[in-house]
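# Observations on the model geometry
Here is how the chains run, residue by residue.
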Amino acid sequence: MKKLALSACIAASVAAPLTFADDDLRINGFLSVGASMADSNDAHFDGSDNQGGFKNDNVLGLQFSKQINDSTSATGQLVSRGADDYSTEAAWAFVTYAATDDLDVRMGRLRIPFFYYSDFLEVGYAYNWVRPPSEVYRLPFSSVDGIDLTQRFSSGDIDGSVQLYYGRYNGDFKYDGFTYGADFRNFTGITLNTNMGNFGSRLSYHQAELIINDAPAGSPVAGIGTFGPDFQMTGQTTTFVEAALTYDNGTSSMIAEWTQLDYGTAAFLDDTAWLVAYAHRLGDISLHATYSEQKDEYESGANGAIQKAVGLGVEESSIILGMRWDYDSSTALKFEAQYNDETMYAGVDGDSAMLYSVAVDVVF
Amino acid sequence: MKLFKHSCSALLISVASTIAVADTSVIVSASNSNSTLDQTTVSKIFLGKAKRFPDGSQALPVDQDEGSTVREAFNTSVLGKSDSQLKSYWSRLIFTGKGTPPKPSGDDAAVKDLVAKNPNIIGYIDSSAVDASVKVVHTF
């Protein structure tokens, strides 16, 4: 069947060689399935505990793209996540206009480029972990509705891109186990990606005006506004900065990524998180090791005391050791063990636990 | 080693011709005005980092089918990446709408045919399959 389609396509290209450019509908997809088990409930893992987690790492994505004419294309990506009870969401839905060879303008639903792995956050096949370390990859939403510009550049051995975006996020905001209603306005940011040989770097800055509604009863943030103007969530500007360095020579690869989140309100805690990861590739097998940590910062004085009293505050680190086996050019099998140490959880002393995970990632 | 190679070709007579060590040629149409391309340029075109030939005309790379010996040689020698690495590279671009891999377009004969008929297409074939319809711009 594949052969037939292929020969048909060759025949078509041969018959009309000048319209070779791909104007057909392209469909690509990815699927990850995973299972995990913690050795105790002394630490907190998203979607898993000592009775196992068989849903949280399951993700199905389907992407459709269509070149409309020489300069315009449409892309849509539907993602169904086990972590969201398999409700399907458009992670991406945008129209691209290629203004020049090196300048793209996109409009629609876009992935927010917070992190190095943001663009392919859910495509497990594209990285070695079962899931990106949650200490750093902690922002609970990943898409924004808006517009962006990407300018690529290349000079000698150096190439890269600058991306600018502007939009608004209206949806759920999960924080320390509770879900809030969020309206993040004037959401904007800039990203600079640079590659030179085996080295790469990424710098990004983001900001938005946060309006949080519907704090669920029992959440630390419910009623926190009564503590004074510093605790308001009515459009104060929050900022996020990120820096990453990468190296990959085909055998050894490394990434170091550092991030800092600074809330304009005392209702949530500012924090810093970073990771370093190393992977060694031996043919179809990759072995990797990662250290990641995240630390909330209380404000000084009375505000900090209130933050602690209502039960805000997490400080944790993880060590991940894992193996990835590419048993086919489009399928990867992964095993990993994670030691998670929660120095502090919900403002009080925490504990530690191990999480064992296995996953299969496919792209098609 | 020689003995091993020898017995190998004896065993696999049907594919012996592809096992025999031969050069691979990166080709464009005879009517394409570029004369030679260095490895960096070829690599940039096949990784989607450059969309044009040095003379400014549009470049459309095509791959051979997955599993072909020539394709593996090209990936390793010119792009410096294994099949899995390339798949991972493209999965990072495909799923962000930032690029699509070169289209798998058959074997030496099929690629040569496509290249010969369209001055924008660039491909690679076993050097033994080169004829006057195409122009060699890089060999390895």
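Computed from a predicted structure; not experimentally measured.

## What about the overall build of chain B?
If you tally the helices and strands in chain B, you get six helices and five strands. In chain B, the order of α-helices and β-strands from amino to carboxyl end is α-α-β-α-β-α-α-β-α-β-β. Considering chain B as a whole, with its 140 residues, one finds that 35% of them fall into the buried category.

## Side note on the overall build of chain A
Helix and strand counts for chain A come out as two helices and 17 strands. When the backbone C-alpha atoms are referred to their principal axes, chain A occupies close to 75 × 40 × 40 Å. With 364 residues in all, chain A has 36% of them scored as buried.

## Considering the environment of Glu 209 of chain A
All names here are of chain A. With respect to the helices, strands and loops of the structure, Glu 209 is situated in strand S9 (residues 199–213). Judged by C-beta crowding, with 16 C-beta atoms within 10 Å, Glu 209 ranks as partly exposed. For the pair Glu 209 and Leu 110, spaced 99 residues apart in sequence, the C-alpha to C-alpha distance is 18 Å.

## Concerning the interface of chain B and chain A
On the chain A side, the residues contacting the 27 residues of chain B number 32 residues. Breaking the side of chain B that touches chain A down by element, the ones donating at least two residues are helix H5 (83–94) and helix H6 (108–117) of chain B. Per-element tally for the side of chain B that touches chain A: the top contributor is H5 of chain B, with eight residues. Across the side of chain B that touches chain A, the residue classes break down as six nonpolar, 11 polar and 10 charged.

## Points about unusual backbone geometry
Residues and elements named next belong to chain A. Phi is positive for Tyr 86, close to 65 degrees, though the residue is something other than glycine. Positioned with a positive phi, Ala 346 is a non-glycine residue whose angle comes to about 50 degrees. Along the chain, Ala 346 falls in the loop between strand S15 (331–345) and strand S16 (348–349). Taking the number of C-beta atoms within 10 Å as the measure of exposure, Ala 346 has 16 and is therefore partly exposed.

## Here we look at the sheet that holds strand S5 (residues 134–139) of chain B
All names here are of chain B. Ordered in space as S3-S2-S4-S1-S5, the five strands form an open sheet in which the pairing is mixed. The open sheet has two edge strands, strand S3 (103–104) and S5, and neither has a second partner. Where strand S2 (residues 60–63) meets strand S4 (residues 121–126), two bridges bridge the pair, whose relative direction is parallel. Counterpart to Leu 60 in the pairing with S4 is Ile 121. Against the sheet, helix H4 (residues 69–79) contacts strand S1 (24–29), S2 and S4, and its axis sits at roughly 110 degrees relative to S4. Most of the contacts of H6 go to S4, to which it runs at about 150 degrees, and overall it touches S1, S2, S4 and S5.

## Some thoughts on the confidence of the model for chain B
All names here are of chain B. Considering every residue of chain B, the mean pLDDT works out to 83; 84% of them sit at 70 or more. A low-confidence stretch, residues 1–20 (pLDDT under 50), is modelled with six contacts involving residues beyond four sequence positions or located in other chains. Under the prediction, the complex receives an ipTM of 0.77, its pTM being 0.85.

## What about the pairing of strand S5 (residues 103–111) of chain A?
All names here are of chain A. Here six bridges tie strand S4 (residues 88–98) to S5, and the two strands are oriented antiparallel to one another. By the bridge assignment, Ala 93 is partnered in S5 with Arg 109. Sheet topology places S5 next to strand S6 (residues 143–155); nine bridges connect them, and they run antiparallel. Bridging from a neighbouring strand, Asp 104 pairs with Thr 150 of S6.

## Re helix H3 (residues 39–46) of chain B
Residues and elements named next belong to chain B. Among the residues of H3, Thr 41, Val 42, Ile 45 and Phe 46 are the ones counted as buried. The arc that holds every buried residue of H3, seen down its axis, measures 130 degrees, which confines them to one face. Elements in contact with the buried residues of H3: S1, S2, H4, S4 and S5. At the C-terminal side of H3, Gly 48 shows a positive phi close to 75 degrees.

## Looking at the nonpolar core
One broad rule of soluble globular proteins: the nonpolar side chains tend to lie buried together. Counting residues in hydrophobic clusters, the biggest one holds 57 residues, and the most contacted among them are Tyr 117, Val 123, Tyr 180, Ile 212 and Ala 267 of chain A. Listing elements by their share of this core, those giving two or more residues are S4, strand S7 (158–175), strand S8 (178–196), S9, strand S12 (270–282) and strand S17 (352–363) of chain A. Ranked by residue count, the leading element in this core is S12 of chain A, at five residues. Setting aside its immediate chain neighbours within four residues, Val 123 of chain A contacts Phe 30 and Val 363 of chain A together with Ser 91 and Phe 95 of chain B. One finds Ile 45, Ile 121, Val 134 and Val 137 of chain B within the second-largest nonpolar core, a separate group that totals 23 residues.

## Some words on the pairing of S8 of chain A
Residues and elements named next belong to chain A. Examined bridge by bridge, S7 and S8 share 17 bridges and lie antiparallel to one another. Counterpart to Ser 161 in the pairing with S8 is Asn 193. Counted along the chain from S7 to the antiparallel partner S8, the turn is two residues long, and its residue Asp 176 has a positive phi close to 45 degrees. Bridge count between S8 and S9: 14 bridges; the pairing is antiparallel. The partner of Thr 191 across the bridge, within S9, is Ser 204. Where S8 folds back on S9, the antiparallel hairpin that results is connected by two residues, among which Gly 197 adopts a positive phi of roughly 55 degrees.

## Things to note about H6 of chain B
Taking burial as the measure, the 10 residues of H6 of chain B include seven buried ones, the bulk of the element. Turning to H6 of chain B, its buried residues number three or more, namely Asp 108, Ala 110, Val 111, Lys 112, Leu 114, Val 115 and Ala 116 of chain B.

## What about the confidence of the model for chain A?
Atomic detail in the predicted coordinates should be set aside for any region of low pLDDT. In the predicted model, chain A carries a mean pLDDT of 90, and the fraction of residues at 70 or more is 94%. In the model, residues 1–21 of chain A has pLDDT below 50 throughout and makes 15 contacts with residues more than four positions away in sequence or in other chains.

Cut-offs used in this document
- Residues numbered from 1 in each chain as written.
- Chains lettered and ligands numbered in written order.
- Predicted model: local features only at pLDDT ≥ 70, side-chain atom pairs only at ≥ 80, totals over all residues.
- Helix = DSSP H or I, 4+ residues; strand = E, 2+ residues; numbered from the N terminus.
- Buried ≥ 20, exposed ≤ 12 C-beta atoms within 10 Å, placed from the backbone.
- Contact = placed C-beta atoms within 7 Å.
- Nonpolar A, V, L, I, M, F, W, Y, C, P; charged D, E, K, R; others polar.
- Pairing = 2+ DSSP bridges.
- Axes fitted to C-alpha atoms, helices over the stretch in contact; angles between N-to-C directions.
- pLDDT = per-residue confidence, 0-100.
- Arc of directions from axis to C-beta.
- Core = buried A, V, L, I, M, F, W, Y, C linked by C-beta atoms within 7 Å.

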